[in-house]
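# Structural overview for review
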Amino acid sequence: MPSVLVENRVVELTNLDKVFWPEGYTKAHLIRYYHEVAPYALRYLKDRPVVMNRFPDGIRGENFYQKECPAYAPDWIETLPVQHADARRVVNYIICRDEPTIIWLANQGAIEMHAWLSRKQDLEHPDVAVLDLDPMSGATFDDTRQVALLVKEALAGAGLEGYPK
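Here the structure is a predicted model, which means the values were calculated and not measured. (Residues numbered from 1 in each chain as written. Predicted model: local features only at pLDDT ≥ 70, side-chain atom pairs only at ≥ 80, totals over all residues. Heavy atoms only, no water.)

Moving on: the nonpolar core. Val11, Ile77, Ile94, Ile102, Trp104 and Leu105 are the most contacted members of the largest nonpolar core, which has 28 residues in total. Broken down by secondary-structure element, the contributors of at least two residues to this core are α1 (27–45), β3 (48–54), β6 (90–96), α2 (99–107) and β7 (110–115). Tallying contributions element by element places α1 first for this core, with seven residues. Excluding anything up to four places from it in sequence, Ile77 contacts Cys69, Ile94, Thr101 and Trp104. Grouped together as the second largest cluster of nonpolar side chains are six residues, Leu80, Val82, Val91 and Tyr93 included. (Core = buried A, V, L, I, M, F, W, Y, C linked by side-chain atoms within 4.5 Å. Buried < 20%, exposed > 50% of the residue type's maximum accessible area, 1.4 Å probe, protein only. Helix = DSSP H or I, 4+ residues; strand = E, 2+ residues; numbered from the N terminus. Contact = heavy atoms within 4.5 Å.)

As structure tokens, then:
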């Protein structure tokens, strides 16, 4: 099994040749992409619990959301136990703290990493907001672009454009 050394952590890699996209892009491409964007992604992901949207057989295969850190995760993966008010059990969320964690998540087939809006230090107080501009059925890309420009203008008027600095 191949492995890589990332920030003094050994990350085991599996099935690197598995095709994840119809155009022939593989799991290795996904991992490389996350390696390249990690410095930027960590501005948003660092110290946040994450929910994985895993695609073990690529985007044409079945996907599933996973909150609980799997038992086979390396011991250097940080977790945070969270007792939800509407649940009877504690969920051990993975904390995205560094590039090795991001690479490990990508190796799990986590094409999407959904981070909480709050950090582990203060789960009850989000420090970011997300504006989801998924277009409705019948909307064009240009419609979505126009809405994004209106949101940008509104944020600029409120002094919030360009967050985080």
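Time to look at the pairing of strand β2 (residues 9–12). Both faces of the sheet carry side chains from a regular strand, because those side chains alternate between them. In this structure, strand β1 (residues 3–6) lies alongside β2, joined through four bridges in antiparallel fashion. If you follow Val4 over to β2, its bridge partner there is Val11. Turn length for the β1-β2 hairpin, with the two strands adjacent in sequence and antiparallel, is two residues, and the turn residue Glu7 shows positive phi of about 50°. (Pairing = 2+ DSSP bridges.)

Time to look at the packing of aromatic side chains. A complete count under the given rule lists four aromatic pairs for this structure. Look at Phe20 and Trp21: their rings are 6.1 Å apart centre to centre, the planes differ by 50°, and that puts the pair in the tilted class. Judged by its relative accessible area of 3%, Phe20 falls in the buried class. For the ring pair Tyr93 and Trp116, a centre distance of 5.0 Å and an interplane angle of 75° mean the geometry is edge-to-face. Of the two residues, Tyr93 is situated in strand β6 and Trp116 in the loop between β7 and α3 (141–157); the sequence distance between them amounts to 23 residues. (Phe/Tyr/Trp six-rings, centres within 6.5 Å; stacked < 30°, edge-to-face > 60°.)

Fair warning: the whole summary comes from geometry, so function is off the table for now.
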